[in-house]
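Examination of the molecular architecture
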Amino acid sequence: METESPVYVVDDDRAMSEVIARVVSEMGYPVQTFASGQAFLDRYVPDRPGCLVLDVRLPGEDGLELYKELARRGTAPPTVVITGHGDIRMAVDAMKAGAIEFLEKPFRMLDLCESIQRGLEHSRHLAERRKRREEARQRLARLTPAEHEVLLLVAQGKTNRQIAQELGLSVRAVEDRRGRMMRRVGAAGRPELIALVRAAEDPGA
C-alpha cells in the first residue's frame, strides 16, 4: 500500500474531523487535519500524491470556492466534497469543478473510504504522468535547435527526402542529423520518438 500518499481533511467540525482521521489511519494512510482552508494551503504540497476531504462550510470561507481556486491553478488534488447543508445545485457545482465525489452529512464511512481510495489511485496516476512528462521534456531539451527542427518534421510523418526538401539540405545531411537526434534522446525508432513527444506535451498530467 502506498502509505506515503496523505489524506488532507479540512473541516472545522472537530468531532467529524477526528472520526475521518481515525478511519483514514485505519486504511493505512497518513492523515492531516485542518480547521480552515488557509491552514491547509500553508501546508499543502501540490506535487505530492494525495486526496482532499473538504467541507463546504468553513468559518469565514467557502470550501467550494477554495477548491475552484486550486482547480484554476491546476494544483487541486482529487477532492471529496462533504457538507451538512448540501443541495442539488451545490453538488452539481462541485462535480463540474472536478470533485470526484459529493457526500452530504451524515454519510456512510464506507462511501467516504471508497471515494478516498479512488482519489488516491487517481492522484498516483496523475503523479506518474507528470513524472513521465518531465522526463520526456528533459530528454527533448538535449536537442540542438537544428535537431529539434528535424524532430518536429519527423513527428509530422515526413520522410527524410521531404525533410531535406523543406530544409534545403541533402538527404544524407538529414539522415545524419536525424541519427544524432535519435541517439541524443535515446529513442530506438520513430514510434518511441512519437511517444516521447506525446508524453512531453501531455496536457492532463
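Since the structure is predicted, the reported quantities are computational estimates derived from the model, not experimental observations.

Remarks on the pairing of strand β1 (residues 7-10)
- What you see with β1 is no split at all: Val7 and Val9 on one side and Tyr8 and Val10 on the other are buried throughout.
- Note that β1 and strand β2 (residues 31-34) share 4 bridges and pair parallel. Bridge pairing in β2 links Val10 to Phe34.
- Handedness of the crossover joining β1 and β2 through helix α1 (residues 14-27): right-handed.
- Taken together, the 4 bridges between β1 and strand β3 (residues 51-55) define a ladder with parallel strand orientation. Across the sheet, residue Val9 finds its bridge partner in β3, namely Val53.

Examining the side chain of Arg178
- Considering the arrangement of structural elements, one finds Arg178 in helix α8 (residues 171-185).
- Among buried Asp, Glu, Lys and Arg side chains, Arg178 stands out as unpaired, with Glu175 the closest opposite charge at 8.4 Å.
- Ignoring anything within four residues of it in the chain, the contact list for Arg178 reads Val150, Val154, Lys158, Asn160 and Arg190.

Here's the deal with α1
- Its 14 residues give α1 an end-to-end C-alpha distance of 20 Å, which sits within 8% of 20 Å, the value for a rise of 1.5 Å per residue.
- Within the sequence span of α1, burial applies to Met16, Ser17, Ile20, Ala21, Val23, Val24 and Met27. The buried residues of α1 occupy an angular sector of 165° when the element is viewed end-on, so they sit on one face. Exposed residues on α1 whose side chains face more than 90 degrees from its buried face are Arg14 and Glu26.
- One side-chain oxygen at the N-terminal end of α1 lies 3.2 Å from the backbone nitrogen of Ala15; it belongs to Asp13.
- Gly28 lies just past α1 and shows a positive phi near 100°.

Digging into the side chain of Arg177
- With respect to the helices, strands and loops of the structure, Arg177 is situated in helix α8.
- If we skip the residues at most four places from it in the chain, Arg177 touches Ala146, Glu147, Glu149, Val150, Leu167 and Leu169.

Some thoughts on the packing of helix α6 (residues 145-155) against helix α9 (residues 190-200)
- Where α6 contacts α9, the axes come no closer than 10 Å and their chain directions differ by 105°. One finds that α6 runs roughly perpendicular with respect to α9. On the side of α6, the interface is formed by Leu151, Val154 and Ala155, while α9 contributes Arg190, Leu193, Ile194 and Val197.
- Residue classes in the contact of α6 with α9 are distributed as 6 nonpolar, no polar and 1 charged.

Notes on the pattern of salt bridges
- Applying the stated criterion across every chain, the model contains 16 salt bridges.
- Ionic pairing is found between Arg14 and Glu18, a salt bridge with its closest N-O pair at 3.1 Å. Here Arg14 and its partner Glu18 are both found in helix α1, 4 residues apart, which amounts to about one turn of the helix.
- Glu166 is the salt-bridge partner of Lys158, the closest N and O atoms lying 2.5 Å from each other.
- Since its relative accessible area comes to 26%, Lys158 is described here as partly exposed.
- Through salt bridges with shared partners, a single ionic network connects Asp11, Asp55 and Lys105.

Quick notes on the packing of aromatic side chains
- In the structure shown here, the tally under the stated rule is 5 aromatic pairs.
- Where Tyr8 meets Tyr44, the ring centres are 5.6 Å apart and the plane angle is 90°; that geometry is what we call edge-to-face. On the criterion of sequence distance, the pair formed by Tyr8 in strand β1 and Tyr44 in the loop between α2 (37-43) and β3 is long-range, its members being 36 residues apart.
- Exposure remark for Tyr44: the relative accessible area of 11% places this residue in the buried category.
- One aromatic cluster is present, formed by Tyr8, Phe34, Phe40 and Tyr44 through successive ring pairs.

Quick word on the packing of helix α5 (residues 109-140) against α9
- Contact geometry for α5 and α9: axes closest at 7 Å, N-to-C directions at 115°. Both α5 and α9 take part in a crossing whose hand is left-handed. Together, Arg132, Arg133, Ala136, Arg137, Arg139 and Leu140 of α5 and Glu192, Leu196, Val197, Ala199 and Ala200 of α9 make up the contact between the two elements.

Rules used throughout
- Residues numbered from 1 in each chain as written.
- Predicted model: local features only at pLDDT ≥ 70, side-chain atom pairs only at ≥ 80, totals over all residues.
- Heavy atoms only, no water.
- Buried < 20%, exposed > 50% of the residue type's maximum accessible area, 1.4 Å probe, protein only.
- Helix = DSSP H or I, 4+ residues; strand = E, 2+ residues; numbered from the N terminus.
- Pairing = 2+ DSSP bridges.
- Right-handed = clockwise from strand over helix to strand, strands pointing away.
- Lys, Arg positive; Asp, Glu negative; His and termini not counted.
- Salt bridge = Lys/Arg side-chain N within 4 Å of Asp/Glu carboxyl O.
- Contact = heavy atoms within 4.5 Å.
- Expected span 1.5 Å × (residues − 1).
- Arc of directions from axis to C-beta.
- Polar contact = N/O pair within 3.5 Å; in protein donor to acceptor, adjacent residues only side chain to side chain.
- Axes fitted to C-alpha atoms, helices over the stretch in contact; angles between N-to-C directions.
- Parallel < 35°, antiparallel > 145°, perpendicular 65-115°, else oblique.
- Nonpolar A, V, L, I, M, F, W, Y, C, P; charged D, E, K, R; others polar.
- Phe/Tyr/Trp six-rings, centres within 6.5 Å; stacked < 30°, edge-to-face > 60°.
- Left-handed = near helix turned anticlockwise from the far one by under 90°.

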